[in-house]
Each structure stands twice: as structure tokens, then as C-alpha cells.
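# Observations on the three-dimensional arrangement
Each chain is listed here by its residues.
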Amino acid sequence: MYVLELAGQDDGFAVAEAATAASDVTPIAAGLATARGLEAGFETLAFTHRAAELIGLTGVTIESAVALLTAAGIDRTGTVAVRARDVRSTTGIDTQAAERALGDVLVERGFTVDLDDPDHVLQALFAGRDGASAVESGGASPTGGQDVIDPDDGVCALGWLVAETDRDFADRQPTDRPFFQPGSMEPALARAIVNLVGAGPDTTILDPMCGTGGLLLEAGRVDATPIGGDVQAKMVRGTRENLRALLAGPWHLYRGDAGRVPLADDSIDGVVFDAPYGRQSKIEGDLDDLVADALAEARRVATRGVVVGDRSWAGAAERVGWTVEATFERRVHRSLVRYISVLR
Ligand SMILES: C[S@@+](CC[C@H](N)C(=O)[O-])C[C@H]1O[C@@H](n2cnc3c(N)ncnc32)[C@H](O)[C@@H]1O
């Protein structure tokens, strides 16, 4: 069993993305989830920071964390460091005091502390109850019968760090690319969307409304082969510049209408697209018809899809035969909410 430290503010969305690279992902508290196993592609997740092999869950006090660690079997040798976090500042716990107290337990058990280059990092994650849909008193607990956690108090998860995700989104802003237009999707969200559609090695992912190519770049960065199309020649030229400058692997681009994709039936793995936002885009014809046609074409060429828009396109997707697994709402700013529907 593992504990995952989620990123961003929307745990439902982070859990959905994490479930593409971990099994049985279950939210337990604000910013935390458990998982039964980690799978290939874990390091590509945008909305998970890290995973630790779970020692156990306990209440949100330093005393209960110390008690849990004292009672735990530790099948490790080498140097250690303790990293405590007040996840999303939801508990007010004194993390330095927690690190000292837990460090003392490890020293008493014969470990040497090495803060710079430890062999093992003990994570002590203290989190409040927001989002704690799975933390219930009584019943089956992920700790396998250790302390019953009062959901009102939140949770402390102790675990040994085993994996960290690649966090290079912050230094890859769309404004730094050769071709940029306002409205370009931020890289972390684009990464999560291509993960949700199943992008990875040996997959081919289409964005038939590629704009500046943000989704294609992230598909390429997780080793999928991206194919992009856009009705505007300017966008195809700009995306070509971006992909040439920023992707090492193969990619393909065409100019064309998302309602007539130049690909054979069932020929690719997934389709992602960020539909035009009614109030800012100059589009020819009716936006509803355009998106309906694009969704139907997506279903013809692939079995998985993610559609993004400034409104939910879930109903339109169902009308052309997709099953909508989930729809997430993400506030971008005061007057823009993005709706993200995951399609099968
Ligand atoms: C919201 S933007 C995509 C933004 C993109 N995700 C990015 O990060 O730059 C929508 C794109 O759809 C394109 N588009 C509009 N109508 C289209 C159509 N019928 N077929 C293909 N592309 C179309 C527009 O040219 C625009 O580039």
C-alpha cells in the first residue's frame, strides 16, 4: 500500500489522473490518497507529487505519529531523513517538531540521520479532513486494523518515499515557446489530460483542434506519437515551430477540419481536444455542430477521448455514442471555468 501526495487543489481530478498510473487510488484526506500499486508512467503524473510505501495511518498529532513509528517494523538499513508536511496547511501541525520527534525514534532504533543524502526518507504527511471521503471510523481501514481515525481530525500518513514525479512544469510556460497565443493551455493541465486519455510509449494521440500544440507537446513528452490538426493554417505553422523546437520524437501535423479527420477507423489510441471557447473564438458555423462532429470523428478513430471546453460537452459526447466516465470543472479565472470530460 502506498500513500500519494496530490498536487493542485482539486483532489477528484488528481485522483482520476493518478488512477492512470496506480491501482485502487482512494482519497483519504485533503491532498492525500492511498494506492495499492504503482504502475508504469507514475513519474509523468502532473497532479501527484510523490508516493511513499505506507507504514500506517494515524491521528493528526505528533504523539500518535511517534506511537505509530515506534510500533512499526522497519526492514531497512542505511541512513535516514524525516520530512514532515502540513498538507495544504490544513492541520497547523509543527512540522519541525514532528521531524525531530520522529527522527529521535529512528535514532533510538539505531539509524543515522543524513539530511543531505539519506538512503531512506520517512514522509510524515499531516492532512485535514477536506476531501476525506474514504476515511471512516470503523470498517475496513487501509492500515489493516491500526488506530481508527476520527475523520473530523484528519489523518497523519507515515511512509517511506519510493517515487517522485517529474516536476518540470513550472519552467515550461507556454509564453516561452517559439509560438504563443493567449488561451494556450498550461502544461500541467495538458499533461494530466494526455495521461487521462492513456498517452504513453507505443500510443498515438490525436488533437484535431491543436491550437498552439500544448496537448501535443505533453503527449510527446510522455513518449506517445502526437498527431495534430487545426483548421487555421497559422496554428498549424505555429505548432510546427513549437514541436520542432521542443520534441525529439516523431509527430505529424495536418491542416483540416476536426469534423473530417484524415485517419482510418480505430487507427489510433486516443483523441484529446480543447474546443473553441464560444466567446473568444472566431469559428465558422455553429459551435454545437462543430463540436458534435469532432466528437463523432474522435469516436470513429479512437476508443478513448478527453474533451475540454468552456462548457460541458458531456451530453454532446453521449449523443454520438461515447460513455462519459467523469466530468471535472476547473476554475481558470473569475470568468472562465474549464470542463473536462473523460470519454470511453
Ligand atoms: C481553444 S483552441 C485550442 C487551444 C490549444 N489547446 C492550445 O493550448 O493552444 C481551439 C482551436 O480549435 C481550432 N478550430 C476551430 N474550429 C475548428 C475546426 N472546425 N476544425 C479544427 N480546428 C478548429 C481553432 O483554430 C483553435 O486553434
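Residues numbered from 1 in each chain as written. Predicted model: local features only at pLDDT ≥ 70, side-chain atom pairs only at ≥ 80, totals over all residues. Heavy atoms only, no water.

## Focus: the pairing of strand β11 (residues 204-207)
Sheet topology note: the β11/strand β12 (residues 225-230) ladder contains four bridges and is parallel. Pairing of Ile 205 across the sheet is with Pro 226, part of β12. With helix α5 (residues 214-221) bridging β11 and the parallel β12, this β-α-β connection has right-handed handedness. Pairing between β11 and strand β14 (residues 270-274): two bridges, direction parallel. Opposite Ile 205, over in β14, you have Gly 270 as the bridge partner. (Pairing = 2+ DSSP bridges. Helix = DSSP H or I, 4+ residues; strand = E, 2+ residues; numbered from the N terminus. Right-handed = clockwise from strand over helix to strand, strands pointing away.)

## Considering the sheet that holds strand β6 (residues 48-58)
Pairing is mixed across the open sheet formed by eight strands, whose spatial order is β3-β4-β1-β6-β10-β9-β7-β8. The open sheet has two edge strands, β3 (26-29) and β8 (112-113), and neither has a second partner. Sheet topology note: the strand β1 (residues 2-6)/β6 ladder contains five bridges and is antiparallel. Its bridge partner lying in β6, Leu 4 is registered against Ala 51. Contacts from helix α1 (residues 11-18) reach β1, β3, β4 (32-35) and β6, with the element oriented near 130 degrees to β1. Contacts between helix α2 (residues 62-71) and the sheet are confined to β6, β9 (120-127) and β10 (155-164), with β6 contributing the most and set at about 80 degrees to the helix. (Contact = heavy atoms within 4.5 Å. Axes fitted to C-alpha atoms, helices over the stretch in contact; angles between N-to-C directions.)

## Observations concerning the side chain of Thr 239
Topologically, Thr 239 is positioned in helix α6 (residues 233-246). With near-sequence residues (within four places) excluded, Thr 239 lies in contact with Phe 179, Cys 210, Gly 211, Thr 212, Gly 213, Leu 216 and Leu 253.

## Some remarks on the site of the ligand
Near the ligand you find 18 residues, and of these Met 185, Thr 212, Asp 230, Gln 232 and Ala 258 are the closest. Between the ligand and Val 231, the relevant distance is 3.3 Å, taken from a nitrogen atom to a main-chain nitrogen or oxygen of the residue. Within the side chain of Gln 232, an N or O atom sits 2.8 Å from an oxygen atom of the ligand. Burial of the ligand by the surrounding chains reaches 90%, relative to a free accessible area of 610 Å². Looking at the shell around the ligand residue by residue, the classes come out as 10 nonpolar, five polar and three charged. (Near = heavy atom within 4 Å. Polar contact = N/O pair within 3.5 Å; in protein donor to acceptor, adjacent residues only side chain to side chain. Areas by Shrake-Rupley, 256 points an atom, 1.4 Å probe, with all protein chains shown as cover. Nonpolar A, V, L, I, M, F, W, Y, C, P; charged D, E, K, R; others polar.)

## Quick notes on α6
Turn by turn, an α-helix covers 3.6 residues, leaving residues three or four places apart pointing in a common direction. For α6, with 14 residues, the first-to-last C-alpha span of 20 Å sits near the 20 Å given by 1.5 Å per residue. Buried within α6 are the following residues: Met 235, Val 236, Gly 238, Thr 239, Asn 242 and Leu 243. The buried side chains of α6 occupy one side of the element, clustering within an arc of 165 degrees when seen end-on. Across α6 from its buried face, at more than 90 degrees, point the exposed residues Arg 237, Arg 244 and Ala 245. (Expected span 1.5 Å × (residues − 1). Buried < 20%, exposed > 50% of the residue type's maximum accessible area, 1.4 Å probe, protein only. Arc of directions from axis to C-beta.)

## Digging into the domain arrangement of the protein
Under the domain assignment, the protein is made up of domain 1 (2-164) and domain 2 (174-343). Averaged C-alpha coordinates put domain 1 and domain 2 at centres separated by 35 Å. Taken residue by residue, the interface counts 10 residues in domain 1 and 11 residues in domain 2. Contact between domain 1 and domain 2 buries roughly 930 Å² in total, counting both sides, with carbon and sulfur atoms accounting for 68%. Interface area lost by domain 1 to domain 2 is led by Phe 13, Thr 44 and Phe 47, which between them contribute 53%. In this structure, the connection of domain 1 to domain 2 is made through zero salt bridges. (Domains from an automatic or database assignment. Buried area = accessible area lost by both parts, 1.4 Å probe. Salt bridge = Lys/Arg side-chain N within 4 Å of Asp/Glu carboxyl O.)

## A closer look at the layout of surface pockets
In this structure, the second largest pocket spans a volume of roughly 260 Å³. Along the wall of the second largest pocket there are 16 residues; nearest its centre are Gly 41, Thr 44, Asn 195, Ala 199 and Gly 200. Residues that form the lining of the second largest pocket fall into these classes: five nonpolar, six polar and five charged. Counting contributing residues per domain, the lining of the second largest pocket is built from domain 1 (2-164) and domain 2 (174-343), each supplying no fewer than three. (1 Å grid on protein atoms, 1.4 Å probe; cavity = no way out; pocket = protein on both sides within 12 Å on 5 of 7 lines; lining within 4 Å. Points joined across faces, edges and corners; volume = space filled by probe spheres on them.)

## Description of a negative patch on the surface
There is a patch of like negative charges on the surface, built from Asp 257, Asp 286, Asp 288, Asp 289 and Asp 293. Counting through the fold element by element, Asp 257 comes out in the loop between β13 (252-255) and β14. Overall, Asp 257 belongs to the partly exposed group, its relative accessible area being 34%. (Patch = residues over 30% accessible without salt bridge, like charges linked within 9 Å, V, L, I, M, F, W, Y side chains within 5 Å. Lys, Arg positive; Asp, Glu negative; His and termini not counted. Charge placed at Lys NZ, Arg CZ, Asp CG, Glu CD.)

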